[in-house]
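Observations on the model geometry
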Amino acid sequence: MHDAPTAAGTPPLSDGGGEREPLSAGLKQRHLTMLGLGGVIGAGLFVGSGAGIAVAGPGIVLSYLIAGALAMLIMRMLGEMSSAMPASGAFSVHAERALGRWAGFSVGWLYWFLLVVVLAVEATGAAQIANGWVPAVPQWGWVLIFMLVFTAANLTAVKSFGEFEFWFATLKVAAIVLFLVLSLLAIFGVLPDTDPVGLSNLTGQGGFLPHGWQGVVSGVLAVAFAFGGLEVVTIAAAESDDPARNVARAVRSAVWRILFFYVGSMLVVVTLLPWSSMQPGKSPYVAVLDSIGVPGAGQIMNVVVFVALLSALNANLYGSSRMVFSLAERGEAPRSLLKVTAGGVPRRAVLSSVAFGFVSVLLNLLWPDTVFLYMLNSVGAVLLFVWGLIAVSQLRLRRQLERTAPEKLTLRMWAFPYLTWTALAAMVAVLVLMLTDDGARPQLLWSAAATGAVLVVAGVRELRARRSGG
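What you are looking at is a predicted structure, and each value in this text was computed from that prediction instead of being measured.

What follows concerns the overall build of the chain. Within the chain, the secondary structure is distributed over 19 helices and zero strands. Relative to the globule expectation of 23 Å for 470 residues, the C-alpha radius of gyration of the chain, 22 Å, shows essentially globular dimensions. Based on the C-alpha atoms only, the size of the chain along its principal axes is roughly 75 × 55 × 40 Å. When each of the 470 residues of the chain is scored for burial, the buried share is 56%. Once local pairs closer than 6 in sequence are excluded, the contacts in the chain between residues at least 24 apart make up 80%. Element-wise, carbon and sulfur atoms account for 67% of the exposed surface of the chain, whose accessible area totals about 18300 Å². Each charge sign in the chain was given a centre, from 30 positive and 24 negative side chains, and these centres are 7 Å apart.

So, about the packing of aromatic side chains. Applying the stated rule across the entire model yields 20 aromatic pairs. An aromatic cluster is built from Phe105, Trp109, Trp112, Phe113 and Phe356, whose rings are joined through pairwise contacts. Taking the ring centre of Phe166 as reference, the NZ or CZ of Arg30 above it sits at 4.7 Å.

To continue, consider the packing of helix H6 (residues 101-133) against helix H16 (residues 371-378). The N-to-C vectors of H6 and H16 enclose an angle of 135°; their axes lie 9 Å apart at closest approach. Relative to H16, H6 is oriented oblique. Handedness of the crossing formed by H6 with H16: left-handed. Within the contact between the two elements, H6 uses Phe113, Val117, Ala120 and Val121 and H16 uses Phe372, Met375, Leu376 and Ser378. Of the residues in the contact of H6 with H16, the class split is seven nonpolar, one polar and no charged.

This part takes up the pattern of salt bridges. Here the idea is simple: oppositely charged side chains can pair when their charged atoms come close. Applying the stated criterion across every chain, the model contains 10 salt bridges. A salt bridge links Arg398 to Glu80; the nearest nitrogen and oxygen atoms lie 2.7 Å apart. With Arg398 in helix H17 (residues 382-404) and Glu80 in helix H4 (residues 60-84), this residue pair connects regions lying 318 residues apart in the sequence. Overall, Glu80 belongs to the buried group, its relative accessible area being 1%.

In globular proteins that are soluble, nonpolar side chains generally tend to be buried together. Counting 162 residues, the largest nonpolar core has Phe91 and Trp387 as its most contacted members. Apart from the residues lying within four places of it in its own chain, the contact partners of Trp387 are Leu70, Ala71, Ile74, Ala224, Phe227, Leu230, Glu231 and Met427.

It is worth spelling out unusual backbone geometry at this point. For the bond from Phe416 to Pro417, the omega torsion is 0°, close enough to zero to count as cis. By the secondary structure assignment, Pro417 is in the loop between H17 and helix H18 (418-436). In the Ramachandran plot, Ala90 falls in the positive-phi region, its phi being about 45° despite a non-glycine side chain. For Ala415, which is not a glycine, the phi torsion comes out positive at approximately 45°. Owing to a relative accessible area of 44%, Ala415 belongs among the partly exposed residues under this scheme.

This next bit is on a nonpolar patch on the surface. There is a patch of nonpolar side chains on the surface, built from Trp140, Leu144, Leu148, Leu362, Leu365, Leu366, Trp367 and Val371 and spanning about 770 Å² of accessible area. Relative to the helices and strands, Leu148 resides in helix H7 (residues 139-156).

Below, the discussion takes up the environment of Val233. Within the secondary structure layout, Val233 lies in helix H11 (residues 232-236). The buried category is assigned to Val233, whose relative accessible area is 1%. Residues Val233 and Val93, spaced 140 residues apart in sequence, show a C-alpha to C-alpha distance of 15 Å. Contacts of Val233, omitting those with residues within four sequence positions, involve Leu32, Leu35, Gly36, Met75, Val247 and Ala250.

For the chain, the mean per-residue pLDDT works out to 85, and 95% of the residues sit at or above 70. For the chain, per-element mean pLDDT is lowest for helix H2 (residues 43-46), which scores 77, and highest for H17, which scores 94. Every residue in residues 1-12 scores below 50 in pLDDT, and together they form 36 contacts with partners more than four places removed in sequence or on other chains. Within the model, pLDDT remains below 50 along residues 14-19, and this stretch shows 13 contacts once partners closer than five positions in the same chain are excluded.

Okay, the side chain of Ser378 next. Along the chain, the position of Ser378 falls in helix H16. Engagement of the side chain of Ser378 in a polar contact is seen with the backbone oxygen of Met375, the distance being 2.5 Å. For Ser378, the residues in contact, after removing those within four places along its chain, are Phe113, Trp446, Ser447 and Ala450.

To continue, consider the environment of Glu80. Separated by 333 residues in the primary sequence, Glu80 and Met413 place their C-alpha atoms 6.3 Å from one another. Among residues more than four places away in sequence, those in contact with Glu80 are Gln394, Arg398, Leu409, Leu411, Arg412 and Met413.

Inspection of the secondary structure puts Phe161 in helix H8 (residues 158-187). As a C-alpha pair, Phe161 and Ala423 span 262 residues in sequence and 32 Å in three-dimensional space. Setting aside residues up to four positions removed in sequence, Phe161 forms contacts with Leu27, Leu35, Ala153, Asn154, Asn314, Ala315 and Tyr318.

Turning next to helix H10 (residues 212-223). The end-to-end C-alpha distance of H10, which contains 12 residues, comes to 17 Å, matching closely the 16 Å that a straight helix rising 1.5 Å per residue would cover. Buried residues of H10: Gly215, Val216, Gly219, Val220, Leu221 and Val223, and no others. As for H10, its buried residues are in contact with helix H3 (49-56), H4 and H18.

About the criteria used
The numbering scheme is per chain: residues are counted from 1 as the chain's sequence reads. Selection of residues for local features in this predicted model requires a pLDDT of at least 70, selection of side-chain atom pairs for listing and counting requires 80 or more, and totals for whole chains, interfaces and linings are taken over all residues. Side-chain measures were taken over the full set of non-hydrogen atoms in the model, leaving aside hydrogen atoms and water. Helix and strand labels come from DSSP, where a helix needs a run of H or I of at least four residues and a strand needs a run of E of at least two; each type is numbered from the N terminus. When we talk radius of gyration, it's over C-alpha atoms, and the globule rule is simply 2.2 Å times the number of residues to the 0.38. For each residue, the accessible area found with a 1.4 Å probe, counting protein chains only, is set against the maximum for its type, and the residue is called buried under 20%, exposed over 50%, and partly exposed in between. Contacts: residue pairs with any heavy atoms within 4.5 Å of one another. What sets the accessible areas is the Shrake-Rupley method with a 1.4 Å probe; for residues, cover comes only from the shown protein chains. Positive charges are assigned to Lys and Arg, negative charges to Asp and Glu, while His and the chain termini are left out of the count. Where a charge lies is defined by one atom per residue type, namely NZ (Lys), CZ (Arg), CG (Asp) and CD (Glu). Two aromatic rings from Phe, Tyr or Trp, using only the six-membered ring of Trp, form a pair when their centres are within 6.5 Å; if the ring planes differ by under 30 degrees the pair is stacked, by over 60 it is edge-to-face, and anything between is tilted. Charges are assigned to positions over rings by a cutoff of 6 Å between ring centre and Lys NZ or Arg CZ, combined with an angular limit of 35 degrees from the ring normal. For every element, the axis is a line fit to its C-alpha atoms; helices are fit only across the contacting stretch, and the angle between N-to-C directions ranges from 0 to 180 degrees. In this scheme, roughly parallel covers angles under 35 degrees and roughly antiparallel covers those over 145, while 65 to 115 is roughly perpendicular and the rest are oblique. Crossing handedness is read from the near helix: turned anticlockwise from the far helix by less than a right angle, it gives a left-handed crossing, and turned clockwise, a right-handed one. Three classes are used: nonpolar for Ala, Val, Leu, Ile, Met, Phe, Trp, Tyr, Cys and Pro, charged for Asp, Glu, Lys and Arg, and polar for all others, with Gly counted as polar. The working definition used for a salt bridge is a side-chain nitrogen of Lys or Arg within 4 Å of a carboxyl oxygen of Asp or Glu. Throughout this description, the term nonpolar core refers to a set of buried Ala, Val, Leu, Ile, Met, Phe, Trp, Tyr and Cys residues connected via side-chain atoms within 4.5 Å. What makes a patch is a set of residues exposed beyond 30% relative accessible area and free of salt bridges, joined within 9 Å when like-charged and within 5 Å when nonpolar (Val, Leu, Ile, Met, Phe, Trp, Tyr). By definition, pLDDT measures how confident the predictor is in each residue, and it falls between 0 and 100. What qualifies as a polar contact is a pair of N or O atoms within 3.5 Å, subject to a donor-acceptor requirement within protein and to the restriction that residues adjacent in sequence count only when both atoms come from side chains. Under the convention used throughout, the expected extent of a helix is 1.5 Å for every residue step, that is, one less than its residue count.

Pasting the structure below:
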């Protein structure tokens, strides 16, 4: 459990390694490692990367380097704080300790809202694929099946969640490794009926930066949010047998490999195929596999995307339930959500997240272009706001830990505080770019409105707490 906030509004740091929360410790190191690797490998990479290539050309490699570097810095910050102070609310708890209750409340509810809204996109996308395979079952029927299966998995034991994610992540990582191997063999002309491709696709058709640096910037906007999901590993670490050690190992093993998978994939795609042949909404992976003669490439990638969507659905159900449980634990959500089963599962927190997830799915099925579109836009840039609070929290907590408990800093942020400030500046730059981009501006404005609403509620709660305390 967490200590109550001090009179100044900032909880002490003394409980980072104290009493364990009433959740089970069913996750093992292999679960966290694969969750760290597979958590950000999803449909955004397998399908959404086509939109990035269309606007940036071969320069998409630089776009992924920039976006991936930012994601790596955020993950390192998360790793530092979570290994020193593991908690089921992770960065929400850290924000409360660093900045006060308003920050923990705001980042926790924003992240919960983000997860349960995006959950609807994942459930609907997976249902569309499954409906193509088995048309006899309607799309809504598949959505219901997926929601029931993963609700049951999250209600039984945390180990069930861990096993699902372990095998999902293993399949995704194996798919990318196999894709990279086949692509490299095709690039060097080793595969049957292939010749070395050289650098013509990188240097022709306008060169490496056909749309200049503006294209690279547009590519960053198109791909940056594909890295969302890495945060769940720090939430899950609190339910492992050795949270501090396990989260540090998971972060160390994940950051470089994630960047390698993303950047490596894009590099082989734009080397093998002309960038101008890419179409938004079409998977560049399918295009590459088709070009090198892999039979049934489209269906193979459909299976991989299907698994990626179910993996994200499972992870979001888990992450949202643990976040709202942590909020309840700190008095920022109804206390009734603190009910925990004998096996250490926060059943009511799971069911509350699932209930809102069902509402999101229903809105997506009934009004995808109106009501749900507004909801989706309202979380479009929330991830950046969450990342920003993570960075600010890390700036403050690192200084406090260095003074009070330096032994807990088993995993340290690189080049502190310079890279933390660099990450903050990069996030501000992305927000400014979104404001100037016609396609991204609505997401930013709706997300800013949602964030403002949560901040107002947090501020009102803070004022009431101070008055009652006085």
